[in-house]
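# Chain and residue survey
In case you want the letters, here they are:
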Amino acid sequence: MEMEIEKTQDYIAVHGDFNVLSSAVYNGGFVKAKAILNVTVSNDFNENAITLFDSFAKEEGLKKGELVGLMTAVKMENARIVEKEDVTAIITAGIEKPPTQSSSTVNIILLINKNLSPSAMANVIIVTTEAKTAAFFDLDVRYQNGELFTGDATDSVVVACFGHENEKEEPFAGRATELGRTIYEVVREGVKDALFNHNTWEMDRPILERLEERG
C-alpha cells in the first residue's frame, strides 16, 4: 500500500503501512503504524494528549498502537509539504520573536519510500536535526541573550518508511549517502519556508528588527 496524505484545517494525517521511528508524543519509539497524525491544538491546551489521540484512532477504526501522533499550535494552512525523489517531508514550524523555550514547536514528518534499517532511521533523525538547526542558523534565530536557537523540548521528528518491506534493508542514511543529502536539503529549506508561513521569519530581516528580537 502506498501512503496517502490527508490535509484538513485541523490536522494532517498520513495513511499507509509504515515502519516508524519517532520522538512523537503518542506512540513514539520504534513501531509499525497505519497512520501518522499531526494535529493543531490551542496555545493553552492542557487536556490529556493520550485521550485526544485515542479518540482519533477510534474514529479511524485503528488500534491504538497503529497511530503515531504529534501536536502543534501551528495552523495546518501554514504547513509545508515538500517532495523530492524518495522523500516527502511534512513540516509545521512556529517560533515566536524572540524565541523562548516555551513558545516554539517544529514538527517534522519524513515519509521515505525505502526499506531502512533501524540504525539508518536513526541516521535520518540525526540528519533531520542537523538540517533543522542549519535552517535556524540561516534565519539567525537567537534568544535575547544572543545564543543561537537550536530547538525546543516539544519538537518532534517522525521517520516513516513504506513500500519496500520485502526488500533488503538499507543500512545507512547519513549525509554521506544520496538519501541523507536529499533529506538534509528538503528539511533545511522546508523548515525555513514553514517558519516564513507561520511567523514571517526571513533571512533578510532589517537590522532594527533583529536588534528588537534581541531586546
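Here, the structure is the one placed above.
What comes next concerns the included structure. Model, not experiment: these values are computed from the prediction. (Residues numbered from 1 in each chain as written. Predicted model: local features only at pLDDT ≥ 70, side-chain atom pairs only at ≥ 80, totals over all residues. Heavy atoms only, no water.)

This paragraph deals with the side chain of Asp138. Note that Asp138 resides in helix H2 (residues 118-139). Given a relative accessible area of 17%, Asp138 falls into the buried group. At 3.0 Å, the side chain of Asp138 and the side chain of Lys192 are in polar contact. When near neighbours in sequence (up to four residues on either side) are disregarded, Asp138 contacts Arg188, Lys192 and Met203. (Helix = DSSP H or I, 4+ residues; strand = E, 2+ residues; numbered from the N terminus. Buried < 20%, exposed > 50% of the residue type's maximum accessible area, 1.4 Å probe, protein only. Polar contact = N/O pair within 3.5 Å; in protein donor to acceptor, adjacent residues only side chain to side chain. Contact = heavy atoms within 4.5 Å.)

Okay, the pattern of salt bridges next. Under the definition given, this model contains twelve salt bridges. A salt bridge links Arg188 to Asp138; the shortest N-O distance between them is 2.8 Å. A residue pair is termed long-range when its members are at least 10 positions apart, and Arg188 in helix H3 (residues 178-199) and Asp138 in helix H2 qualify at 50 residues. Of the residues examined, Arg188 reaches a relative accessible area of 25% and is grouped as partly exposed. The salt bridge partner of Asp138 is Lys192, with a shortest N-O separation of 3.0 Å. Of the two residues, Asp138 sits in helix H2 while Lys192 sits in helix H3, which places them 54 residues apart along the sequence. (Salt bridge = Lys/Arg side-chain N within 4 Å of Asp/Glu carboxyl O.)

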